[in-house]
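# Survey of secondary and tertiary structure
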Amino acid sequence: MAQTRYVDRPIPQISLADFDARIDQITTELVSAAENVGFFTLIDHGISKKDVDAIFATSKSFFDLPDATKATVPWNANNVGWEKNSQIRPSTGKPDSKESYQLQFGDNMNGLWVTDEHLAGFRTTALDFMYRVQRISENLMRCFARGLGFPETFFIDCHDVARPDSQTTMRLLHYFALPEESDGKVYHRAGAHADWDFLTLLFQKEGQSGLEICPGREVVTEFGIGDEWTKVEAKTGEIVCNIGDLLMSWSDDRFKSTFHRVKAPCEPGDYFGDRYSIAYFNQPCKDALIQGPQKKYPMVTGAQFTDSAMKRNFAALQEKLKMLAAA
Ligand SMILES: O=C(O)CCC(=O)C(=O)O
Ligand SMILES: [Fe+2]
């Protein structure tokens, strides 16, 4: 396999300390990060390292359950539940070598919370953490609304997690340890993709590296991926944030939804061990009305936006599978 081409791009680090007093400064920093790299990390966000370690321990205790138990809460197309080796990305045409458990706040989770009998306290612990990440997301939404000239609570209202049909999702991820000696196969961890939500907040565990980004996308409607990657370090205390396609569209392509991946380890220095991460996807209410201040794209609802993102993904996947079949 050809060696990856890497370039060093600084990933802005933004402190949320003293948020209310520093909101103007934080807004300036967030807007600049969103316009340039599309990725940034947050520190002083109010969730301690100890609490992040605790949620990773909870996540591990779920993934340590037997597959038969995890299969009692199976994934479905509402983007909830457990899946294993089943997500195929258009960039690779192969399933990611991982398992994930997707959690939401509302009715989509009915029957899909792992029961107390299988894992005591899981639901309470997970929801408690989800509300904390939601509060951080809402502060960021206030800044992005200011930056784009919307009323300050505009994006918060459009992503209301108190609604029973809320789509916002926290995804626990577990990438399996892989053989360091090549067995001739390529094990994709998370193939290159852009997220289609508003904003993703990602928690990583120190040492479990692999996340890489590939900036350079100009319009939300384009699927192409460049070939120069930048590594994002895995640090337990930081939250890595990336702009999703929804915010890119809502900003008339001013803010960048950047392609990223968890690299298939294959080169010296790559990390082959188990990797646990937690991604929090801010998804719009189905009836939210989406259009940027410059009206670059026609107005659509949250439901329509998600639907067309899924269709675009599906079409790109079919194209890739056709190419693989012809090769
Ligand atoms: O696990 C990671 O670090 C990234 C996950 C990701 O990009 C995703 O699930 O969309
Ligand atoms: Fe992603």
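Note that the structure is predicted; figures quoted are calculated from it, not measured.

## So, helix H7 (residues 302–326)
Here H7 contains 25 residues, and its C-alpha end-to-end distance of 36 Å stays within 8% of the 36 Å for a straight helix at 1.5 Å per residue. Considered for burial, the residues of H7 that qualify are Gly302, Phe305, Ala309, Ala316, Leu317 and Lys320.

## Section: helix H2 (residues 49–63)
In this model H2 runs 21 Å from its N-terminal to its C-terminal C-alpha over 15 residues, within 8% of the 21 Å that 1.5 Å per residue would give. All buried positions along H2 are accounted for by Val52, Ile55, Phe56, Thr58, Ser59, Phe62 and Phe63. Seen along its axis, H2 keeps its buried residues to an arc of 155°; they face one direction.

## Quick notes on the confidence of the model for the protein
A residue-level look at the protein finds 99% of positions with pLDDT of 70 or above and a mean pLDDT of 94. For this predicted complex, the interface score ipTM comes out at 0.98, alongside a pTM of 0.96.

## Looking at the coordination of the iron ion (ligand 2)
Coordination of the iron ion (ligand 2) by the protein involves His193 (NE2), Asp195 (OD) and His260 (NE2), with metal-donor separations of 2.1 to 2.2 Å. Spacing between the donor residues of the iron ion (ligand 2) along their common chain follows H-x1-D-x64-H. In this pair, Asp195 sits in the loop between strand E7 (190–193) and strand E8 (199–204) while His260 sits in strand E12 (residues 259–262), placing the two residues 65 residues apart along the sequence. Comparing Asp195 with His260 shows no difference in burial state: the two are buried.

## Considering the environment of Ala326
One can find Ala326 in helix H7. Here Ala326 falls in the exposed class, since its relative accessible area comes to 69%. For the pair Ala326 and Tyr6, spaced 320 residues apart in the sequence, the C-alpha separation amounts to 30 Å.

## A word on the sheet that holds strand E9 (residues 211–214)
Backbone hydrogen bonds are what pair the strands of a sheet, in a parallel or an antiparallel way. The 5 strands are arranged E1-E10-E9-E12-E7 in an open sheet whose pairing can be described as mixed. The sheet is open, and its two borders are formed by strand E1 (5–6) and E7, each paired with just one other strand. As paired elements, E9 and strand E10 (residues 228–231) share 2 bridges and run antiparallel to each other. Counterpart to Glu212 in the pairing with E10 is Lys231.

Rules used in this analysis
- Residues numbered from 1 in each chain as written.
- Chains lettered and ligands numbered in written order.
- Predicted model: local features only at pLDDT ≥ 70, side-chain atom pairs only at ≥ 80, totals over all residues.
- Heavy atoms only, no water.
- Helix = DSSP H or I, 4+ residues; strand = E, 2+ residues; numbered from the N terminus.
- Expected span 1.5 Å × (residues − 1).
- Buried < 20%, exposed > 50% of the residue type's maximum accessible area, 1.4 Å probe, protein only.
- Arc of directions from axis to C-beta.
- pLDDT = per-residue confidence, 0-100.
- Donors = N, O, S within 2.8 Å, 3.2 Å for Na, K, Ca; no water.
- Pairing = 2+ DSSP bridges.

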